[in-house]
Amino acid sequence: MDNQISETFINPEYGDSELSIMYEFYKHGTLCDMTILAEEERFYTHKLVLAICCRYFRNQIIENPDLNEFDISIDDETFEKILKFFYKGSVQLDMDSVQRLILAAKLLQLNVLFDICCKFLANHLSADNIFDIKTFAETNSLYDLVDKVNKYNEDELPQELFKEENSLSIQEEENENISQTSKDNISDSLEEVVSPPKTNKIMVVGGENEPIASYVDFYDPDTKSWLETKYMNLKRTDFGVIKLQNYVIVIGGKRARKALNEVVGVHLDTMEASALLPMETNRKHLCVSSILDQDRNIILYAIGGHDDTHFVNSVEKCHPVTRTWSNVSPMTANRGCFAVAVIDKKIFAIGGKNDGEILNSVEVYSVKDDTWTVCSPMNQARCYAGVAVIGNNIYVIGGSDDEGPVLSVERYDVKNDLWMMLDSSNFPEDLKYASAGNFGENIIVVGGRLAFSYDPQNNTWDELASLRSSRQRPLIINVSMAGKKVVKNLSGIVFPDED
């Protein structure tokens, strides 16, 4: 027998099957030896996969062999996409998430993913998004992408359009610092009851990412157009917001991943920001509501959210007479990223998240009794949903769950404590991560750059003019106040009379 004979055989299926098994291990938490904390979520994964796929993690693990838990400055949804890229070698890109992926890939030194994402943006430049992408590229020193934007601009867009749209980046330098105007100073300027001018607009505030989170857009249903863009320059995301007369009150949120207790009033004419009384608890992913008490005072409620450690069930209110925040009865469940609706001076907390679990639970707060009561749950668990109230019905629209965007609508009959899933066969497929707000008998729904008017009676969706900037999970406010008086006061800021 010739002992010198030798051949190498290759398993043609090697690699794909092994990676598939590893991904199943990851999905089910099998043999995981590393926990990554990304924002509020814990991801259980494998050191070997992290070290092979990512130079950043490789260095961390080699330098600290006993490391088994790591906190990363990346939001949970983005990091989940990155982990799937590690295990499956593929990534689903869309215009709402690609900018966050680029920044995360840059942080983690994932050159392949970084190049894929930048190429995706460059390949999808258009007149609708070029200004947002140019701002993003310049802000983050993405010089190759800046060059591609400039070339596209020279080849495809008239210069006048660029100059006109660029002028809408509104007063960023002028609003560099928040003036620390005292609460009393604002209060003194708004003591009298006034009659506001007739307005009839929808206001869209915030979104998941800076600088978009500081933009304020106004939609006029009469002209079916977006009228103006203003810039708050507050450098925060995931805040609660409410409009009180000519101010936007921005409550909590996060800056540099840290939850805030700050409360800021932004004047919509001057965009000047003034510090108001801070909350007792730092909160991001919270909800905000207001109710007039029997003395015609506005009581402002900050509900739930995340305090940088966990989702909370605590609730605090700000009373305009005592000028203090104080705790009221907590919710029955910890929750953040949820929705609220108000009917008959009762606050409904709907869905949301709690430590990785998407909730379908609903509870209602009685201001009179200072109690929370559990209601019937929704048919579909969802967080980040849009919500609107018409009559005694609450409509919950869109949102997301463990699988991604939820493209459905359900209605809650408050009197009968009954949820009904509505026909959503014509729900716009591209309307993802949307928010909602009332406008008469219709509901305005905004997600990305898309905006729709939803008629729940006839189950029709009418597409409106596109927003100037793409917004994921913005906040929508109906600012129609024609013929109403306003009353004082929340630290001197006024609110429409509910009569």
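Residues numbered from 1 in each chain as written. Predicted model: local features only at pLDDT ≥ 70, side-chain atom pairs only at ≥ 80, totals over all residues. Heavy atoms only, no water.

## Comments concerning the overall build of the protein
Helix and strand counts for the protein stand at ten helices and 33 strands. For the protein, the proportion of contacts with a sequence separation of at least 24, taken over those separated by at least 6, is 52%. Just so you have it, the protein exposes about 23500 Å², and 47% of that area is on carbon and sulfur atoms. (Helix = DSSP H or I, 4+ residues; strand = E, 2+ residues; numbered from the N terminus. Contact = heavy atoms within 4.5 Å. Areas by Shrake-Rupley, 256 points an atom, 1.4 Å probe, with all protein chains shown as cover.)

## Things to note about the packing of helix α4 (residues 76-88) against helix α5 (residues 98-108)
Interhelical geometry of α4 versus α5 gives an angle of 65 degrees and a closest axis separation of 10 Å. Comparing their axes, α5 and α4 come out roughly perpendicular. Crossing of α4 over α5 shows right-handed handedness. Residues Glu-77, Thr-78, Lys-81 and Ile-82 of α4 touch α5, and the partners they reach there are Arg-100, Leu-101, Ala-104 and Leu-108. (Axes fitted to C-alpha atoms, helices over the stretch in contact; angles between N-to-C directions. Parallel < 35°, antiparallel > 145°, perpendicular 65-115°, else oblique. Left-handed = near helix turned anticlockwise from the far one by under 90°.)

## Focus on the sheet that holds strand β26 (residues 418-421)
Taking strand neighbours across the sheet as the criterion, the four strands line up as β21-β22-β25-β26 in an open arrangement whose pairing is antiparallel. Of all the strands in the sheet, the pair left with one neighbour each is β21 (386-390) and β26. Neighbour-to-neighbour, the strand axes of the sheet open up by a mean angle of 20 degrees, direction not taken into account. Pairing of β21 with strand β22 (residues 393-397) involves five bridges; the strand directions are antiparallel. Looking at the pairing, Ile-390 lines up with Asn-393 of β22. (Pairing = 2+ DSSP bridges.)

## Focus on the pairing of strand β17 (residues 339-343)
Within β17, four of the five residues are buried, which leaves it mostly tucked inside the rest of the structure. In terms of strand pairing, β17 meets strand β18 (residues 346-354) through five bridges, oriented antiparallel. Bridge pairing in β18 places Val-340 opposite Ala-349. (Buried < 20%, exposed > 50% of the residue type's maximum accessible area, 1.4 Å probe, protein only.)

## Notes on the packing of aromatic side chains
The final tally for this structure, using the stated rule, is 16 aromatic pairs. Ring geometry for Tyr-56 against Phe-70: centres 6.1 Å apart, planes inclined by 75 degrees, an arrangement best described as edge-to-face. Residue Tyr-56 is found in helix α3 (residues 55-63), and its partner Phe-70 is found in strand β3 (residues 69-72); the two are separated by 14 residues along the sequence. Look at Tyr-56 and you get buried, because its relative accessible area is 18%. On the numbers, 6.3 Å between centres and 70 degrees between planes, the contact of Phe-57 with Phe-79 is edge-to-face. Taken as a pair, Phe-57 in helix α3 and Phe-79 in helix α4 lie far apart in primary sequence, 22 residues in all. In this structure Phe-57 comes out as buried when scored by relative accessible area, which is 1%. You can call Phe-79 buried: its relative accessible area is 0%. In this structure an aromatic cluster arises from ring pairing among Phe-43, Tyr-56, Phe-57, Phe-70 and Phe-79. (Phe/Tyr/Trp six-rings, centres within 6.5 Å; stacked < 30°, edge-to-face > 60°.)

Note that every value here comes from positions in space, so none of it alone points to a role or purpose.
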